[in-house]
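Next come the chains, spelled out residue by residue.
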Amino acid sequence: PEDAVCGGREGTAAERSVPLEGTVLDAMGTKAREHGTTIVVPLFLVDDAAAGSYSNAAAVIDPSGEAVGIYRKIHAVNARDSDILEGGIQPGTEAPVFDCDFGRLGVQICFDVTFEAGWDALAQRGGEIVVLPTQSPQTIRPAALALRHRFHIVTSTWRNNASVFYPTGMT
């Protein structure tokens, strides 16, 4: 689910974030190699600690255990009593598509589901499967997006309702 690596940590983005290199990439890369699979790793990411740059991100790890790319959540949210986005993260600016051995993979994170621009960009770039790590249990919007853009959407949530939405809109 969203923030799977750092989930449960409190504080600012600087206090919650971890680098991809080192412990996270070593552990997830080992599992990707062990199972011969691609793993999407949602985390609060240290982009540049010296510059105070952190993101709510998802790293794509290929079957060889290498990071092939990172998606940074574009539509960060703020708490009701704050104007600071997710503890101080920097929102992403683009929706890349990653070439994987099984097809073209895109990522959207949580509140990104609400905004058409990211989904449109993934479709225009040839996305075939979109991973949606999220805190939200919603199903209607992902089903409609899968149908509209004709791709599979795979969700993973904290609330035990992870789903696969087919290009037909069915779950």
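Whatever comes next refers back to the structure up there.
In this text the structure is predicted, and so the values were computed from the model without any measurement.

Cut-offs and rules
Residues numbered from 1 in each chain as written. Predicted model: local features only at pLDDT ≥ 70, side-chain atom pairs only at ≥ 80, totals over all residues. Heavy atoms only, no water. Salt bridge = Lys/Arg side-chain N within 4 Å of Asp/Glu carboxyl O. Buried < 20%, exposed > 50% of the residue type's maximum accessible area, 1.4 Å probe, protein only. Helix = DSSP H or I, 4+ residues; strand = E, 2+ residues; numbered from the N terminus. Pairing = 2+ DSSP bridges. Right-handed = clockwise from strand over helix to strand, strands pointing away. Axes fitted to C-alpha atoms, helices over the stretch in contact; angles between N-to-C directions. Contact = heavy atoms within 4.5 Å. Core = buried A, V, L, I, M, F, W, Y, C linked by side-chain atoms within 4.5 Å.

Undergrad: Describe the pattern of salt bridges, with residues and values.
TA: Taken as a whole and judged by the stated rule, the model has eight salt bridges. In this structure, the salt-bridge partner of R104 is D99, at a minimum N-O distance of 2.4 Å. Judged by its relative accessible area of 27%, R104 falls in the partly exposed class. Here D120 and R148 are joined by a salt bridge, their closest N and O atoms 3.2 Å apart. Placement of the pair is D120 in helix α3 (residues 116-124) and R148 in helix α4 (residues 140-149), with a sequence separation of 28 residues. Residues participating in the shared-partner salt-bridge network are E2, K73 and E86.

Undergrad: For the pairing of strand β6 (residues 129-134), give the residues involved together with the corresponding values.
TA: Along β6, five of the six residues are buried, which leaves the element largely enclosed by surrounding structure. As paired elements, strand β5 (residues 103-107) and β6 share three bridges and run parallel to each other. Opposite V107, over in β6, you have V131 as the bridge partner. As a crossover connection, the stretch from β5 through α3 into β6 is right-handed. Relative to strand β7 (residues 152-157), β6 runs parallel, the two sharing six bridges.

Undergrad: Can you break down the sheet that holds strand β3 (residues 67-72) residue by residue, with the values?
TA: In a beta sheet, neighbouring strands pair by backbone hydrogen bonds and run either parallel or antiparallel. Pairing within the open sheet is antiparallel, and its three strands lie in the order β1-β2-β3. Each of the sheet's edge strands pairs with one partner strand only, and the pair in question is β1 (39-48) and β3. Direction aside, neighbouring strands of the sheet carry axes that sit 35° apart on average. Alignment of strand β2 (residues 53-61) against β3, held across five bridges, turns out to be antiparallel. Bridging across to β3, A58 finds its partner in Y71. Strands in contact with helix α2 (residues 23-35) are β1, β2 and β3; relative to β1, the strand with the most contacts, it is inclined by about 160°.

Undergrad: Describe in detail the nonpolar core, supporting the description with residues and values.
TA: With 24 residues, the main nonpolar core has V107, W119 and I153 as its most contacted residues. Residue assignment for this core shows that the elements contributing at least two residues are β2, β4 (97-100), β5, α3, β6 and α4. What W119 contacts, discounting residues up to four positions off in sequence, is Q108, D112, V113, V130, L132, L145, H149, F151 and I153. Counting residues in each nonpolar core, the second largest holds 18 residues, with L20, L43, F44 and Y54 among its members.

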